[in-house]
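Below, each chain spelled out in residue letters.
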Amino acid sequence: MKKADNQLLVIFGASGDLTSRKLLPSLFELYVRGLLPDRFCILGAARTAYGDEEFCAEQHTHILEAQKGKTYDEGLIDDFLENVYYLAFDSTNADEYYKLRERIEFLQEKHDLPDKIIYYLATPPVMYEIVPQCLLESGLNKTESPDGFRRIIVEKPFGTSLESARQLNDHLRHIFHEEEIYRIDHYLGKETVQNILVLRFSNGIFEPLWNHNYIDSIEISATETLGVENRGKYYDGAGAMRDMIQNHLMQLMSFIAMESPSIFEPEPIRDEIVKVFRSIRPYTVLDMDKMVVRGQYIGYREEKNVAPDSNTETYVAMKFFIDNWRWSGVPFYFYTGKKLPEKSSEVVIHFKSTPHQLFVGQCSGGSCNKLTIRIQPNESISLKFGLKMPGAGFEVKQVSMDFRYDSLSKSYLPDAYERLLLDAMLGDSTLYARSDALEASWKFIDPILLHWKEEGSKNLFFYEPGEDGPEETVILGAEKKVCACQRR
Ligand code: BG6
């Protein structure tokens, strides 16, 4: 595998949860697997007054915690942390960026690094405009070196509406070139999500069936058992639509629905993604009441940092159509929610039944064929079809042909952040969202959010924690497709 060039990674918001829970453990895994550049260092930056040693000692504990049963020599963590530094400074103040510049120059010299830098915004979203602006004012957004680079990785949420997403895009593009901006969506870093493209475009047998002639409907779900935990402040302003659908489920859907790119390179792939988003049929106001269901789990309003009269949705089920040649008339369903019975993300392709049913009771009168792409947990792909039960007569039984990722016993399933960080280091933006796709997805979602805002608590349905979401989901008219959890 190609190794990334020697470079420096600066993480803003390094004293936060994302850095210790995801970024540093993922970078450590890459280090252990020999995938980091030969010369690489990480500079964490945040306001908290740590020194290098204190920061590394803390990260040591987190990396160890994240190992979950893996038995690496602890000495490896120390070796890795020798390349990790910390700068305490006020990243909202452009006048303080000389400290960052000095530290960068010092580290580049110490580690003999070229002027290749990735900035990672692991900060609260309010900083997404401020930090790049300060980088601009201090000249750190550019390199003078002909073979140097600057890249910036921006975490979600990328805007809270079409307007704010556009504004953020405009702001960032005024400071960095589009190809230097990496908008992260950790769902695209999941192995099983990437495998959708391989399953579709490396096999001749699925693609001929992958259209409205043979597919009856498509469900994409991501359900969770946890509630909002300690993220009430963020979540109450976001809700399930912004938190899960606008980004993760939309991206997942684009991999299912897109046309084959002419070559497997970032821009042709991202061109196909944006075409899908632009083909989604916009809702009328009437559609929104009939095709989108929002719910809130009982007890949500008592969660910490949640408004006692909050109308924020913790559950969304929706039906929509993609108006193009391939998908004409095929309903797509999204389901997502917190405090549901199961933690599971999957895509289910329901194929049409045979034109004529020859066998009595054939798959209960419906289609025998269903392809399930299980994203997590128990990553797998399974195809269901009808077979004859042994013995007299022709009784049909639905059986399953399964592939489980854990059967590839020697293959390591990397965490989403490992893949995405490595891609950014390599300059591969295939699995990152492009500005036009992001805006197109907001364009579809925005009217729903506005409609809900106008409606207040009207048509907000409540559900018991641990149950299958609000009963009203049935209005989507999906006979068997009520919730991913109900079907099992
Ligand atoms: C995050 C959301 O982006 O995705 C969380 O902010 C959600 O609310 C999480 O819990 C789900 O991710 P995963 O990988 O556990 O499905």
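Scoring rules and cut-offs
- Residues numbered from 1 in each chain as written.
- Predicted model: local features only at pLDDT ≥ 70, side-chain atom pairs only at ≥ 80, totals over all residues.
- Heavy atoms only, no water.
- Helix = DSSP H or I, 4+ residues; strand = E, 2+ residues; numbered from the N terminus.
- Buried < 20%, exposed > 50% of the residue type's maximum accessible area, 1.4 Å probe, protein only.
- Contact = heavy atoms within 4.5 Å.
- Areas by Shrake-Rupley, 256 points an atom, 1.4 Å probe, with all protein chains shown as cover.
- UniProt positions renumbered as here; feature names shortened; annotations may be inferred.
- Polar contact = N/O pair within 3.5 Å; in protein donor to acceptor, adjacent residues only side chain to side chain.
- Pairing = 2+ DSSP bridges.
- Axes fitted to C-alpha atoms, helices over the stretch in contact; angles between N-to-C directions.

A few words now on the overall build of the protein. When its secondary structure is counted, the protein shows 12 helices and 15 strands. Counting only C-alpha atoms and orienting by the principal axes, one finds that the protein spans roughly 80 × 50 × 40 Å. Burial statistics for the protein: of 488 residues in total, 55% are counted as buried. Put simply, 76% of the contacts in the protein that link residues at least 6 apart link residues at least 24 apart. Carbon and sulfur atoms form 52% of the exposed surface of the protein, whose accessible area is close to 21900 Å².

All right, on to the UniProt feature "binding site: substrate" (unreviewed entry) in the protein then. The feature "binding site: substrate" (unreviewed entry), as annotated in UniProt, sits at His186, Lys190, Glu224, Asp243, Lys338 and Lys343 in this numbering. One can find Asp243 in helix α8 (residues 232-257). Every residue in contact with Asp243, bar those within four places of it in the chain, is listed here: Lys156, Arg231, Tyr234, Tyr235, His248 and Lys338. Side-chain polar atoms of Asp243 contact the side chain of Lys156, separated by 3.0 Å. Tracing the sequence through the fold places Lys338 in the loop between β10 (332-337) and β11 (344-351). In this view, Lys338 contacts Glu224, Leu226, Gly227, Val228, Arg231, Tyr235, Asp243, Tyr297, Thr314 and Tyr463; residues no more than four positions away in its chain are not counted.

Right, let's get into the sheet that holds strand β2 (residues 40-46). Strand order in the open sheet formed by 6 strands is β3-β2-β1-β4-β5-β6, and the pairing between neighbours is parallel. In the strand order of this sheet, the two ends are held by β3 (84-88) and β6 (181-183), each with one partner. With strand direction ignored, the average angle separating the axes of adjacent strands in the sheet is 20°. By the bridge criterion, 5 bridges tie β2 to β3 in an arrangement that is parallel. Paired with Leu43 across the strands is Tyr85, a residue of β3. Lying over the sheet, helix α5 (residues 127-137) contacts β1 (7-12), β4 (116-121) and β5 (149-154), oriented at roughly 155° with respect to β4.

Quick look at the side chain of Ser382 now. Positionally, Ser382 belongs in strand β13 (residues 380-388). Only 3.5 Å separates the side chain of Ser382 from the side chain of Asp402, close enough to count as a polar contact. For Ser382, the residues in contact, after removing those within four places along its chain, are Lys370, Leu371, Thr372, Ser400, Met401 and Asp402.

In the numbering used here, UniProt assigns the "active site" (unreviewed entry) feature to His248. Tracing the chain through its elements places His248 in helix α8. Owing to a relative accessible area of 2%, His248 belongs among the buried residues under this scheme. Those residues in contact with His248 that lie beyond four places of it in its chain are Lys156, Asp185, His186, Tyr187 and Asp243.

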